[in-house]
Amino acid sequence: MGIGLELHSGRPRRKKGAQDTVLRSSYEYGEGLASALGGLDPHNSGVLGRVDPYRDTVINEQEAELAGRQIVALIERCPTEYQRSALLDLAAMLEACATTPGSHLWFIGD
């Protein structure tokens, strides 16, 4: 189980041609990201709590900005270096999304 990340210039499409809008992607820390986010309460953990490691989740630039504020606390509580690396990678993707008008970050679940 893992979560891939793709930053898109617009809302990503799940059909053929979805790669046309990819600005940046990350698949290296999929398992670490899934384990770091998997334990979050979907009702009390803000934007990142909605990420489901088994399904796709798409957030826009405004949501990415909010999630970027959350991630600092998650990084501080990481039990493993691998999860920390995964969250640092996510933090970079969230920052890129938050500063790119019209962009969306796609969390690709298994």
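Here is a short report on the structure shown in this document. The numbers attached to residues start from 1 for each chain and follow its sequence in the written order. It should be noted that, the model being predicted, local features are given only for residues of pLDDT at least 70 and side-chain atom pairs only at 80 or more, the latter also being counted only at that level, while totals for whole chains, interfaces and linings use all residues. Think of the side-chain values as coming from all heavy atoms in the structure, minus any hydrogens and water.

So, the overall build of the chain
What counts here: The secondary structure listing takes helices from DSSP runs of H or I that are at least 4 residues long and strands from runs of E that are at least 2 residues long, numbered from the N terminus. Only C-alpha atoms enter the radius of gyration, while the globule expectation follows 2.2 Å times N to the 0.38, with N the number of residues. By definition, residues are in contact when any of their heavy atoms lie within 4.5 Å. Residue-level accessible areas treat just the shown protein chains as cover; the underlying method is Shrake-Rupley with a 1.4 Å probe. When charges are counted, neither His nor the chain ends are considered; positive counts come from Lys and Arg and negative counts from Asp and Glu. To locate a charge, the coordinates of NZ of Lys, CZ of Arg, CG of Asp or CD of Glu are taken.
When you go through the chain residue by residue, the secondary structure sums to four helices and four strands. Start at the N end of the chain and walk to the C end: the helices and strands fall as β-β-α-α-β-α-α-β. Whereas a compact globule of 110 residues would reach a radius of gyration of roughly 13 Å, the chain reaches 13 Å, a difference of no more than 12%. Within the chain, contacts between residues at least 6 apart in sequence are counted, and of these 68% link residues at least 24 apart. Taken as a whole, the chain presents about 6000 Å² of accessible surface, with 49% of it coming from carbon and sulfur. Counting 11 positive and 15 negative side-chain charges, the chain places the centres of these two groups 7 Å from one another.

Things to note about the nonpolar core
As a reminder of what qualifies: Buried residues of nine kinds, namely Ala, Val, Leu, Ile, Met, Phe, Trp, Tyr and Cys, make up a nonpolar core once their side-chain atoms join them within 4.5 Å. For every residue, the accessible area obtained with a 1.4 Å probe (protein chains only) is divided by the maximum for its type, and the residue is called buried under 20%, exposed over 50%, and partly exposed between those limits.
With 27 residues, the main nonpolar core has Leu37, Leu48, Leu87, Leu90, Leu105 and Phe107 as its most contacted residues. Those elements that place two or more of their residues in this core are strand 1 (4–8), helix 1 (30–38), helix 2 (46–49), helix 3 (61–76), helix 4 (81–98) and strand 4 (104–108). Here this core takes seven residues from helix 4, the largest share from any one element.

Describing the sheet that holds strand 2 (residues 22–26)
Filter applied, for reference: The pairing criterion is simple: DSSP has to find at least two bridges between the two strands. Every axis in this analysis is a line fitted to C-alpha atoms, fitted for helices over the stretch in contact. Angles between the N-to-C directions lie between 0 and 180 degrees.
Across the sheet, which stays open at both edges, the four strands sit in the order 2-1-4-3 with antiparallel pairing between neighbours. If you trace the sheet from one side to the other, it starts and ends with strand 2 and strand 3 (57–60), each paired once. Averaged over all pairs of adjacent strands, the angle between strand axes in this sheet comes to 20 degrees, irrespective of strand direction. With four bridges connecting them, strand 1 and strand 2 associate as antiparallel partners. Its bridge partner being in strand 2, Glu6 is matched across the sheet by Ser25. In this fold helix 4 packs onto strand 1, strand 2, strand 3 and strand 4, with an angle of close to 15 degrees to the strand it touches most, strand 1.

Digging into the environment of Arg84
Here Arg84 is to be found in helix 4. C-alpha of Arg84 to C-alpha of Val72: the two residues are 12 residues apart in sequence and 10 Å apart in space. If sequence neighbours within four positions are ignored, Arg84 has contacts with Ile75 and Cys78.

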